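In case you want the letters, here they are:
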Amino acid sequence: MQALSAEEAWLSRHFPTLSSALLDAPDRYNIAGRDSASVILGTSEGLQVRDCVWGIVPPWSKQATTRYTTVTARLDRAARSRMYRRAWEKQRCIVPITGYYKWDRSVSPPRPYFIQAVSGNPLLLAGLWECWDKDGPPLYSFSILTYANPAIPPPLVADGPVFVPPDQCKHWIEGARWLPKVFLSGLKAPQLEAYRVSNAIRDPTRDDYTLLEPAYDTQDAETTCPEVGEEEFDD
């Protein structure tokens, strides 16, 4: 979820040259694969904010799409993957969010939760980006890096995105080639909290703040959840 319009003070403090672009982006409460999101990436002119499609389309693809599920990339495999190798070496990015949804699959039927920082501040996710430009206007796309993350609160599986502290973002984007363990060794995970929300998040036409309202055991008992790896950070 990217609802950054209320985060002017925080964004101005940590991203003074990018805060205007991030604040101007529309609030998005239900981003699914192939939807657009605001991403911080490095260019020849420095860091920029760009709207990118969620799910990397590799530059060698014949079309501006891919049959593979690329909304996430595993941290320990991305550097060796044909899909992500070039982006890992040259095109890393940061995806700022105010929180995200994750399904508790330990119960039946599974239940969705919303995860956010206890501090209330935005979360910054490590990602990779690509630009496909074989035909027509360039298509910018991105993937979120994931790994076994103990910061994820129970009852949810301790697996999710890689969180980057604000003071490490520029280093992640512009630094030399990374080894996963070296990268993780210097990161401090944010303290997170989670609460149940309605299965209404499954409706792609719903995109408003009411999706964040707490839900209870009697709600949405019959609604199905996504398959593992589908627009979720625990593939």
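Rules and cut-offs
Residue indices begin from 1 for each chain and proceed along its sequence in written order. Thresholds applied to this predicted model are a pLDDT of at least 70 for local features of residues and 80 or more for the giving and counting of side-chain atom pairs; totals over whole chains, interfaces and linings are not thresholded and use all residues. Values shown for side chains rest on all heavy atoms present in the structure; no hydrogens or waters enter the calculation. Put simply, DSSP H or I for four residues or longer makes a helix, DSSP E for two residues or longer makes a strand, and each gets a number counted from the N terminus. Contact criterion: two residues are considered in contact whenever any of their non-hydrogen atoms come within 4.5 Å of each other. Pairs of strands are assigned from DSSP output, requiring at least two bridges between the strands. Inter-axis angles, ranging from 0 to 180 degrees, are taken between N-to-C directions of lines fitted to C-alpha atoms, where helices are fitted over the stretch in contact. What pLDDT conveys is the predictor's confidence in a given residue, as a value from 0 to 100. Definition used for salt bridges: Asp or Glu carboxyl oxygen within 4 Å of a side-chain nitrogen of Lys or Arg. Burial classes: relative accessible area under 20% of the type maximum marks a residue as buried, over 50% as exposed, and values in between as partly exposed (1.4 Å probe, protein chains only). Lining residues are those with an atom within 4 Å of a point, where the points come from a 1 Å grid over the protein atoms alone and group into cavities, where a 1.4 Å probe fits but cannot get out, or pockets, open sets with protein on both sides within 12 Å along at least five of seven lines. Grid points are joined across faces, edges and corners, and a volume is the space filled by probe spheres set on the points. In this classification, Asp, Glu, Lys and Arg are treated as charged, Ala, Val, Leu, Ile, Met, Phe, Trp, Tyr, Cys and Pro as nonpolar, and every other residue, Gly included, as polar. As used in this record, nonpolar core signifies buried Ala, Val, Leu, Ile, Met, Phe, Trp, Tyr and Cys residues forming a set joined through side-chain atoms within 4.5 Å.

## With respect to the environment of L18
Consideration 1: The topology assignment puts L18 in the loop between α1 (8-14) and α2 (19-24).
Consideration 2: Between the alpha carbons of L18 and G136 there is a distance of 28 Å; along the sequence they are 118 residues apart.
Consideration 3: Excluding residues that lie within four positions of it along the chain, L18 makes contacts with I40, L47, Q48 and V49.

## Thoughts on the sheet that holds strand β6 (residues 111-117)
Consideration 1: Across the sheet, which stays open at both edges, the three strands sit in the order β5-β6-β10 with antiparallel pairing between neighbours. Of all strands in the sheet, those with a lone pairing partner are β5 (100-104) and β10 (192-196), marking the two edges. Direction aside, the axes of adjacent strands within the sheet are offset by 35° on average.
Consideration 2: Pairing geometry for β6 and β10, over five bridges, is antiparallel. Bridged to A117 within β10 is L192.

## Describing the confidence of the model for the chain
Consideration 1: Scored by pLDDT, the chain comes out at a mean of 90, with 92% of its residues at no less than 70.
Consideration 2: A low-confidence stretch, residues 221-225 (pLDDT under 50), is modelled with nine contacts involving residues beyond four sequence positions or located in other chains.

## Observations regarding the pattern of salt bridges
Consideration 1: Counted by the stated rule, this structure contains five salt bridges.
Consideration 2: Among the ionic pairs, R28 bridges to D51, the shortest N-O distance being 3.0 Å. Taken together, the positions of R28 in the loop between α2 and β1 (36-43) and D51 in strand β2 (residues 46-54) put the pair 23 residues apart, joining distant regions of the chain.
Consideration 3: What makes R28 buried here is its relative accessible area of 11%.
Consideration 4: One salt bridge in this structure joins D208 and R206, with 3.5 Å as the shortest N-O distance.

## Considering the side chain of S61
Consideration 1: Turning to its location among the elements, S61 is positioned in the loop between β2 and β3 (72-74).
Consideration 2: With sequence-adjacent residues up to four places away left out, S61 is seen in contact with W132 and K134.

## Some remarks on the layout of surface pockets
Consideration 1: Estimated volume of the second largest pocket: approximately 300 Å³.
Consideration 2: At the level of elements, α1 and β7 (123-132) are the ones that each hand at least two residues to the lining of the second largest pocket.
Consideration 3: The element contributing the most residues to the lining of the second largest pocket is α1, with three residues.
Consideration 4: When its residues are assigned to classes, the lining of the second largest pocket shows 12 nonpolar, four polar and two charged.

## Focus: the side chain of T146
Consideration 1: Mapped onto the elements of the fold, T146 is located in strand β8 (residues 139-147).
Consideration 2: With relative accessibility at 0%, the residue T146 sits in the buried group.

## Points about the nonpolar core
Consideration 1: Ranked by size, the top nonpolar core spans 30 residues in total, and within it W88, L128, L145, W172 and F183 carry the most contacts.
Consideration 2: When contributions to this core are tallied by element, the ones reaching two or more residues are α1, α3 (75-78), α4 (85-90), β7, β8 and α5 (169-174).
Consideration 3: If you look at the next biggest cluster of nonpolar residues, it comprises 26 residues, including C93, I97, I115 and L123.

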